Structures are given as C-alpha cells and as structure tokens.
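# Summary of the model geometry
Here are the chains, one letter per residue:
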Amino acid sequence: MTAADEAKQLDSVTDMVHEKVAMDESKAKDAMTALGGTTSSSSAVGGSSSEIKVSKEDIEVIVSEMEVSEDVAIRALREVVVEEGLEVTTGNSVVAAALRKLIVS
C-alpha cells in the first residue's frame with residue numbers, strides 16, 4: 001500500500017469521526033434547549049408565586065420535618081398553591097402537598 005492510499009484511508013476515518021462529533025453536538029444543543037425551556041418555565045412559576053403569602057407555621061412544619069431551609073419551604077408552598085390551585089387558607093392540605101412535592105423531587 002502506498003503512502004497516498006494510507007493517507008486517503010486515514011482521511012476517510014477522521015472524516016467519519018468529525019461527522020459523528022457534529023451530530024453529537026447538535027443532539028447536545030437540542031438537549032440544552034429543552035432543559036433551558038424547563039428551567040425558564042419553573043422560574044416563571046417562581047416569579048408569579050412570589051406574591052403569595054404563606055403562613056409562618058406552615059414554613060416551620062416543613063423546615064422541621066424535611067430539614068430544608070426556609071427558602072426551600074417557602075418556594076415549595078408557593079409552587080403548590082400555584083400549580084395545584086390550592087388556596088393558602090386550606091392549611092394542612094397545602095402543607096401536605098408541599099411535603100409530597102419535596103419528597104418526590
């Protein structure tokens with residue numbers, strides 16, 4: 001086999017590798033775009049839920065039971081109210097739903 005033939009074979013192998021890398025990059029970009037959409041939608045929920053007032057007792061229950069920070073407890077309570085359409089005054093059902101949300105996530 002001549003040097004020219006070897007070079008041609010080497011080029012064909014590297015071309016295939018470059019094509020595969022290009023396909024993997026496009027899949028990675030698609031995945032990042034999909035993740036970006038999920039992140040922005042969850043932050044949108046967080047933005048609209050910041051106006052919801054939650055009781056201090058509910059926050060304390062979640063912090064003591066789940067050993068999470070107050071910020072995490074507040075966010076879980078607000079997200080449950082927005083996502084499930086619960087009223088803040090329903091008390092235990094909001095806390096129970098927030099606890100389920102934290103356990104599942």
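The present account deals with the structure reproduced in this document. (Residues numbered from 1 in each chain as written. Predicted model: local features only at pLDDT ≥ 70, side-chain atom pairs only at ≥ 80, totals over all residues. Heavy atoms only, no water.)

## Quick word on helix α3 (residues 70-84)
The condition that has to hold: What counts as a helix is a DSSP run of H or I of at least four residues, what counts as a strand is a run of E of at least two, and both are numbered from the N terminus. What a helix should span is 1.5 Å times the count of its residues minus one. For every residue, the accessible area obtained with a 1.4 Å probe (protein chains only) is divided by the maximum for its type, and the residue is called buried under 20%, exposed over 50%, and partly exposed between those limits.
An ideal rise of 1.5 Å per residue puts 21 Å on 15 residues; α3 measures up with 21 Å between its terminal C-alpha atoms. Of all the residues in α3, the buried ones are A73, I74, A76, L77, E79, V80 and V81. Where α3 ends, the next residue or the one after it, G85, has phi of about 70°, a positive value.

## A closer look at the pattern of salt bridges
Where charged atoms from two side chains of opposite charge approach closely, those side chains can pair. We apply this condition: The rule for a salt bridge is simple: a side-chain nitrogen of Lys or Arg has to be within 4 Å of a carboxyl oxygen of Asp or Glu.
Inspection of the entire model under this criterion finds 3 salt bridges. Here E70 makes a salt bridge to K56, at a shortest N to O gap of 3.4 Å. Of this pair, E70 sits in helix α3 while K56 sits in helix α2 (residues 56-66), and the two are 14 residues apart along the sequence. Under the relative-accessibility criterion, E70 is labelled partly exposed at 40%. One salt bridge connects K101 with E83, and the closest N-O pair in it is separated by 3.4 Å.

## A short note on the environment of E87
Within the secondary structure, E87 is located in the loop between α3 and α4 (92-104). Residues E87 and I52, 35 residues apart in the sequence, show an inter-C-alpha distance of 9.9 Å.

## As for the environment of V81
Locating V81 in the fold gives a position in helix α3. On the accessibility criterion, V81 (9% relative accessible area) is buried. Here the alpha-carbon distance between V81 and I52, two residues 29 residues apart in the chain, equals 8.2 Å.

Without other data, these values stay purely geometric and don't point to any function.
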